[in-house]
Amino acid sequence: MSIEELYEILLSEKPSYNILNNEKKIFELIPELKNCRGFNQNNEWHIYDVYEHILHVVDSVPANIVLRMASLFHDIGKPNSYTEDENKIGHFYGHWDESKKIFDDFALKHNLDSTMSSLISSLIYYHDINISKLSNEELNKLHETLGEQGIKMLFELKTADLLAQNKKFHYISKDYEEQKDRLLLKYKRK
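Please read all numbers here as calculations on a predicted model, not as lab measurements. (Residues numbered from 1 in each chain as written. Predicted model: local features only at pLDDT ≥ 70, side-chain atom pairs only at ≥ 80, totals over all residues. Heavy atoms only, no water.)

A closer look at the packing of aromatic side chains
So, point 1. The tally for this structure, following the rule as stated, stands at eight aromatic pairs.
So, point 2. Between phenylalanine 73 and phenylalanine 103, the ring centres sit 5.2 Å apart and the planes meet at 75 degrees, which makes this aromatic pair edge-to-face. Of the two residues, phenylalanine 73 sits in helix 6 (residues 65-73) while phenylalanine 103 sits in helix 8 (residues 95-109), which places them 30 residues apart along the sequence.
So, point 3. Take phenylalanine 103: its relative accessible area is 0%, and that puts it in the buried class.
So, point 4. Relative to phenylalanine 106, the ring of phenylalanine 73 lies with its centre 5.1 Å away and its plane at 45 degrees, an arrangement referred to as tilted. Here the residue phenylalanine 73 occupies a position in helix 6, and phenylalanine 106 occupies one in helix 8, the gap between them amounting to 33 residues.
So, point 5. Under the relative-accessibility criterion, phenylalanine 73 is labelled buried at 0%.
So, point 6. A network of ring pairs unites the aromatic residues Phe39, Tyr82 and Phe92 as a single cluster.
So, point 7. The positively charged end of lysine 78 is found above the aromatic ring belonging to phenylalanine 92, 4.6 Å away from the centroid.
So, point 8. For lysine 158, the ring lying beneath its charged end belongs to tyrosine 176, and the centroid distance is 4.9 Å. (Phe/Tyr/Trp six-rings, centres within 6.5 Å; stacked < 30°, edge-to-face > 60°. Helix = DSSP H or I, 4+ residues; strand = E, 2+ residues; numbered from the N terminus. Buried < 20%, exposed > 50% of the residue type's maximum accessible area, 1.4 Å probe, protein only. Lys NZ or Arg CZ within 6 Å of the ring centre and 35° of its normal.)

Here's the deal with the layout of surface pockets
So, point 1. In this structure, the largest pocket spans a volume of roughly 590 Å³.
So, point 2. Taken together, 26 residues make up the lining of the largest pocket; nearest its centre are Trp45, His46, Asp128, Gln165 and Tyr176.
So, point 3. Counting residues per element, the ones that place at least two in the lining of the largest pocket are strand 2 (90-91), helix 8, helix 10 (136-163) and helix 11 (172-188).
So, point 4. Here the element with the most residues in the lining of the largest pocket is helix 11; it accounts for four residues. (1 Å grid on protein atoms, 1.4 Å probe; cavity = no way out; pocket = protein on both sides within 12 Å on 5 of 7 lines; lining within 4 Å. Points joined across faces, edges and corners; volume = space filled by probe spheres on them.)

Structure follows, in structure tokens:
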């Protein structure tokens, strides 16, 4: 499968359907994605295995190649970062770093556009970080890295990610909207 074919699948109306129908070729292109299939998250936040969760997120973000690629790779590093606590609850500490590394290696191997790849990589890195807990210095770096459009994309990814989890936590999406608005307002003033 070529990168162009992958983009075509990701930009389709229902990417998950086309991903499932082209799994063998996609897994050859992105072997780490196969490791996500059937990988139980063992955590009350998650109602799907890692692969199913990824497919839901890909379907839920707008048909923009940056967002769809970020969605496809956002949790791909979870199988490599999985730990269980004493209660057998699954955790994925630092999975955003592992997912970013997998994407960065993929982008380099396939010679993806560097500007687009940099934005995707940053979205993957920041997708699971609690923005409200970042210091002013960290927020400045986030804004410098993503810009206004990137921040909007980040919150689209964060919201889609949340809505592909246990419904009892969906109320947090309201917080995301408020965080995004505050962040954008902060940098409009400067």
